[in-house]
Amino acid sequence: MRPPRRASWALLGVLAAAAGCALLEDEPDPSTLVCRTDAECGANEVCFPDGCGDPGRDIVVEVTPNPEEGLHAQDFPVPDLRPEQDLTLFGPARVLGRVVRATSLPEADGGVATRPYSEPLHLRATGQSALLPGVARQYDATLVPINGTWALPVGTGDYTVTLTAADAEVPPVRGLSHLEPGAEVPLELVLPAPDAVAPLRGRVVRQGDVLVDSPLEVQALDADLTPLSQRVPVVRGSGDFTLVIPAEAAQRSAILVRVTSAGSTPWVPQKTFTVDPRAPLTEPLELGDTGDPVRLTGRVVGPDGRPVPGATVALRGEVAGGGTFHGPLATTGTDGRFGVDTLPAVPGGTLQLVVVPPSGLAAGLTVLPVEVPATGATLPDIVCATRRVVSGDILLPDSTEAAAGVRVVAEPIDEVPGWPRPPGGGEALGTTNDQGTFVLSLDPAVYRVDFLPPDTRPRVSRVITVLPGDDTEPQELATFSLQKGRTVTGRVTDGARALPYASIRFYRVVTLEGRPTTVLLAQTVSDHQGRYTALIPVR
């Protein structure tokens, strides 16, 4: 079956409005309770994270055939999933671009002429799937247009395409594109005329007449951090730089100029200046005397006072001069001790110390303000926060017997206010015991937790929110049942030939905790003949 192309491209209209399966500490009002077992659902429905639904309908499939051949991800809805579901793909989705350089005509003639641009350039398409909320995509290419034309294969979705010429005196330009499977969408980008840009010259110094003895880059930005110029190097021997910005931007009362380190050394903090481009920058951009790197040492211990080995330690924050510093990472040893080089904190201020213990420990993500003087320091023991214990029970599809041996994988998908998002990786954090009980130790965040049965039953996902707090009582996830599965098979082709080793993912698009999100139902890979087998939930 070749998927429908047009009418189905809006986001699926049947998005459940129920709240997601959150962590339940008290019995909720029945009117807001999300289903726990398939038995609570109607005929031909199963219990999904957002509530009951037909497992054969309202599914979105993502197929990625072969990126090396320019065949990127194609997404399309499957209105009614059948046991034998062939997936016939369209050709590559491509942005067919044309880039021209404007030339201002003599005043007597008025207007602007254009000519094809055939110099080297870099393209970046950044966006996301139009059908799978939260599935981000990015594609890059460096090329030379042929008579101004170029083509960029991408996955289906909505994109902002940024073109950056190799000529640093040409500001970057952007355009928007929407790509459906097999579509070839035209996009014309016009580089400004040479007399429609303006130079912005300046100088970067450490302090006074002291230069920065490190490679630096500068870039002009709009108030929303959209680039107005290319990133250009600072002349190391003089601190001079020249940015080229659109003439329109040169008439504004204020724009931003950001200075960043261009080398591997972290000892130059990033600093953003507000400047008036209408007048020459007579005063240098001063990064300030950040001081020399110093050594900070300490020991990380858990709530029980025992050392925490293998924890990642980093410092970040404002340093002298007003720049933002992100230090290198350090790892605690078997005794929990660490040593990390850092810049001193701004006088009278603090840096933020971030400690991330390995997964599975009771010691959790810890963020502390620390004073870092110009002489360095040895910190008192850093006692990690206690990870919140999340537990629950899983039953077999009969809703009576315990489901043992189910692997539990947690992936942070969003942060909670006031806490950074924990590092992700989809690690297996546990396995249900003979009573079907799982126990996780999680940092504050919003997680997608996947339950992977050891047999032929399909995976089940839940979205849970772990809140910070000193409560030692476990947060209980309401008991739910695994689902029965049915096998869906088929072939992946382009209409003429089989597509081997294509990645295939079946999703359900739902509304969880007030926002659209995707829940992965099954994933597989086609074999050398293009055939695939997937296990989908069934009543």
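Residues numbered from 1 in each chain as written. Predicted model: local features only at pLDDT ≥ 70, side-chain atom pairs only at ≥ 80, totals over all residues. Heavy atoms only, no water.

K.L.:
An account of the pairing of strand β8 (residues 121-128) is needed here, citing residue identities and associated values.
P.N.:
Alternating residues of β8 divide into L121, L123, A125 and G127, all buried, and H122, R124, T126 and Q128, none buried. Bridging between β8 and strand β9 (residues 136-143) involves 8 bridges; their strand directions are antiparallel. Across the sheet, L121 pairs through a bridge with L143, a residue of β9. As defined by bridge partners, β8 adjoins strand β11 (residues 157-165) across 8 bridges and the pair is classed as antiparallel. When the sheet's bridge partners are listed, T126 is paired in β11 with T160. (Buried < 20%, exposed > 50% of the residue type's maximum accessible area, 1.4 Å probe, protein only. Helix = DSSP H or I, 4+ residues; strand = E, 2+ residues; numbered from the N terminus. Pairing = 2+ DSSP bridges.)

K.L.:
I'd love a proper account of the state of the cysteines, names of residues and values included.
P.N.:
Inspection of the entire model under this criterion finds 1 disulfide. At a sulfur-sulfur separation of 2.1 Å, the disulfide partner of C41 is C52. Negative torsions about the S-S bond denote left-handed disulfides, and the value of about -75° found for C41 with C52 makes this one left-handed. Placement of the pair is C41 in the segment before β1 (46-48) and C52 in strand β2 (residues 51-53), with a sequence separation of 11 residues. Residue C41 is classed as buried on the basis of its relative accessible area, which comes to 8%. With relative accessibility at 32%, the residue C52 sits in the partly exposed group. (Disulfide = S-S within 2.5 Å.)

K.L.:
Tell me about unusual backbone geometry, residues and numbers included.
P.N.:
In this structure, L225 takes a positive phi of about 70° despite not being glycine. Assignment of secondary structure puts L225 in the loop between β15 (216-221) and β16 (232-233).

K.L.:
Kindly report on the pairing of strand β19 (residues 271-275), identifying the contributing residues and their values.
P.N.:
Taking every second residue as pointing to the same face, the buried face of β19 carries K271, F273 and V275, while none of T272 and T274 on the other face is buried. With 5 bridges joining them, strand β18 (residues 255-261) and β19 adopt antiparallel strand pairing. Opposite R258, over in β19, you have T272 as the bridge partner.

K.L.:
Got a sec to walk through the sheet that holds β8? Specific residues and values, please.
P.N.:
Judged by pairing direction, the sheet is antiparallel, and its 4 strands sit side by side in the order β9-β8-β11-β12 without closing on themselves. Edge positions in the sheet fall to β9 and β12 (173-179), since each has one partner strand and no second. Neighbour-to-neighbour, the strand axes of the sheet open up by a mean angle of 20°, direction not taken into account. Examined bridge by bridge, β11 and β12 share 7 bridges and lie antiparallel to one another. Within the sheet, the bridge partner assigned to T162 lies in β12 and is R174. (Axes fitted to C-alpha atoms, helices over the stretch in contact; angles between N-to-C directions.)

K.L.:
Give me the lowdown on the sheet that holds strand β33 (residues 437-442), citing residues and values where you can.
P.N.:
A sheet is described by the order of its strands in space; here 3 strands give the open sequence β33-β30-β36, paired in mixed fashion. Looking at the sheet topology across the chains shown, the edges are occupied by β33 and β36 (475-481). Each adjacent strand pair in this sheet contributes to an overall mean axis angle of 20°, direction not counted.

K.L.:
Let's hear about the packing of aromatic side chains: which residues, and what values?
P.N.:
Under the defined criterion, the tally for this structure stands at 5 aromatic pairs. Put simply, the rings of F438, F451 and F480 touch in pairs and so form one group of aromatic residues. Over the aromatic face of F480 sits the side chain of R462, whose NZ or CZ is 4.6 Å from the ring centroid. (Phe/Tyr/Trp six-rings, centres within 6.5 Å; stacked < 30°, edge-to-face > 60°. Lys NZ or Arg CZ within 6 Å of the ring centre and 35° of its normal.)

K.L.:
Can you tell me about the confidence of the model for the protein, naming the residues and giving the values?
P.N.:
Taken over all residues, the pLDDT of the protein has a mean of 87, while the share at 70 or more is 91%. This model gives residues 3-33 a pLDDT under 50, and the stretch forms 65 contacts once residues within four places in sequence are excluded. (pLDDT = per-residue confidence, 0-100. Contact = heavy atoms within 4.5 Å.)

K.L.:
Talk me through the pattern of salt bridges; I want residue IDs and the actual numbers.
P.N.:
In this structure the tally under the stated criterion is 19 salt bridges. Across the pair D381 and R299 runs a salt bridge, and its minimum N-O distance is 2.6 Å. With a gap of 82 residues between them, D381 in the loop between β28 (377-378) and β29 (382-383) and R299 in strand β21 (residues 294-301) connect regions that are remote in the sequence. Note that R448 is salt-bridged to D450, the shortest N-O span being 3.1 Å. Residue D450 is classed as buried on the basis of its relative accessible area of 2%. Each of E62, D75 and R137 takes part in one network of salt bridges that share partners. (Salt bridge = Lys/Arg side-chain N within 4 Å of Asp/Glu carboxyl O.)

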